[in-house]
Amino acid sequence: MNPAGDSAAPTPGTAPLVVMGVTGSGKTTVGAALSRRLRVPFADADDFHNEANIAKMSAGIPLDDDDRLPWLRAIGTWLADHAATGGVASCSALKRSYRDILRESAPTVNFVHLHGEIDAVRRRVAGRPGHFMPASLVDSQFRTLEPLGPEEHGIVLDFARPVGELVDAYLAATAVPRTRPDPYPIGPADPGGPRDAGEAGRAR
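A brief report on the enclosed structure follows.

Cut-offs applied
Every chain's residues receive numbers from 1 upward, in the order its sequence appears when written. Restriction of local features to residues with pLDDT of at least 70 applies here, the model being predicted, together with a cutoff of 80 or more for giving and counting side-chain atom pairs; totals for whole chains, interfaces and linings are based on all residues. With hydrogens and water excluded, all non-hydrogen atoms of the structure serve as input to the side-chain values. Helix and strand assignments follow DSSP, with helices taken as H or I runs no shorter than four residues and strands as E runs no shorter than two, numbered in order from the N terminus. Burial classification: accessible surface area is computed with a 1.4 Å probe over protein chains only, and a residue below 20% of its type maximum counts as buried, one above 50% as exposed, and the rest as partly exposed. By the convention used here, residues are in contact when the closest approach between their heavy atoms is within 4.5 Å. Note on areas: Shrake-Rupley, 1.4 Å probe, and residue coverage restricted to the protein chains presented here. For two strands to be treated as a pair, DSSP must find at least two bridges joining them. Helix axes are fitted to C-alpha atoms over the stretch in contact, other axes to C-alpha atoms as well, and angles between N-to-C directions run from 0 to 180 degrees. For the purposes of this section, nonpolar cores are sets of buried Ala, Val, Leu, Ile, Met, Phe, Trp, Tyr and Cys residues that join through side-chain atoms within 4.5 Å.

## Focus on the overall build of the chain
Stage number 1. Helices and strands together make up the secondary structure of the chain, namely seven helices and five strands.
Stage number 2. Beginning at the N terminus, the succession of helices and strands in the chain can be written as β-α-β-α-α-β-α-β-α-α-β-α.
Stage number 3. Out of the 204 residues belonging to the chain, those deemed buried represent 49%.
Stage number 4. Counting only contacts in the chain whose residues sit at least 6 apart along the sequence, the fraction spanning at least 24 positions is 74%.
Stage number 5. Taken as a whole, the chain presents about 9200 Å² of accessible surface, with 54% of it coming from carbon and sulfur.

## Section: the pairing of strand 5 (residues 154–158)
Stage number 1. Within strand 5, five of the five residues are buried, which leaves it mostly tucked inside the rest of the structure.
Stage number 2. Side-chain alternation along strand 5 places Gly-154, Val-156 and Asp-158 on one buried face and Ile-155 and Leu-157 on a second face that is also buried.
Stage number 3. Pairing between strand 4 (residues 110–115) and strand 5: five bridges, direction parallel. Its bridge partner being in strand 5, Leu-114 is matched across the sheet by Leu-157.

## Topic: the side chain of Ser-90
Stage number 1. Among the secondary structure elements, Ser-90 is positioned in strand 3 (residues 88–90).
Stage number 2. Among the residues examined, Ser-90 registers a relative accessible area of 2% and is labelled buried.
Stage number 3. What Ser-90 contacts, discounting residues up to four positions off in sequence, is Val-19, Lys-27, Thr-28, Phe-42, Ala-43, Asp-44 and Ala-45.

## Concerning the sheet that holds strand 5
Stage number 1. One open sheet accounts for five strands, arranged 2-3-1-4-5; its pairing is parallel. This sheet does not close on itself; its edge strands, each paired only once, are strand 2 (42–44) and strand 5. Pairs of neighbouring strands in the sheet enclose a mean axial angle of 20°, with direction left out of account.
Stage number 2. Note that strand 1 (residues 17–20) and strand 3 share three bridges and pair parallel. When the bridges of strand 3 are listed, Val-19 appears paired with Ser-90.
Stage number 3. Strand contacts of helix 3 (residues 65–81): strand 1, strand 2 and strand 3, with the helix running at about 165° to strand 3, the strand carrying the most contacts.

## Topic: the nonpolar core
Stage number 1. The biggest cluster of nonpolar side chains holds 46 residues, and the ones touching the most others in it are Leu-79, Cys-91 and Leu-102.
Stage number 2. Among the elements that make up this core, the one with the highest residue count is helix 7 (residues 163–174) (six residues).
Stage number 3. Ignoring sequence-local partners within four residues, the contact set of Leu-79 consists of Pro-16, Leu-17, Val-18, Ala-89, Leu-102, Ala-106 and Val-109.

Written as structure tokens, this is what we have:
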């Protein structure tokens, strides 16, 4: 995570957590798995979109910053409500400015950025019929994406890894003890590289 000794650094396991990344990166699946392991509530950011946003995305039209503002503020309010006891939310949080909005409500929030290849995302999105986010918006999401900065609290993980391995990687990187048995038995976890002293975790 962030360098030790930073008084503003969140406390792993209790600070609210956002699983971020482009559409199709596995935010909901990994976020829900993390919430189960940490025994904290989970919120899917898709549930915070208003009908106008959903209609716009369904039509293949990217959201602009004005569209996203009330959505981000609603997610920020949820994070703030869970700041004391912990909670996990999935949210694309593609831009630094979007993450700043979340931090305005929940200053101790941590981020897990699920990162990977655009072709893999295209395949994933094309293979989930019925979702309001069409594959045509994948490219725009990658263009919008701004990786975590060295001063932001979070880690970067390769979304191609198994879900259980991603959960273990977060727990290992933050030294969070397991609160229930791992339903995805694997070998030793690779922490994926905590953002320590300004170094991002590597995605393999």
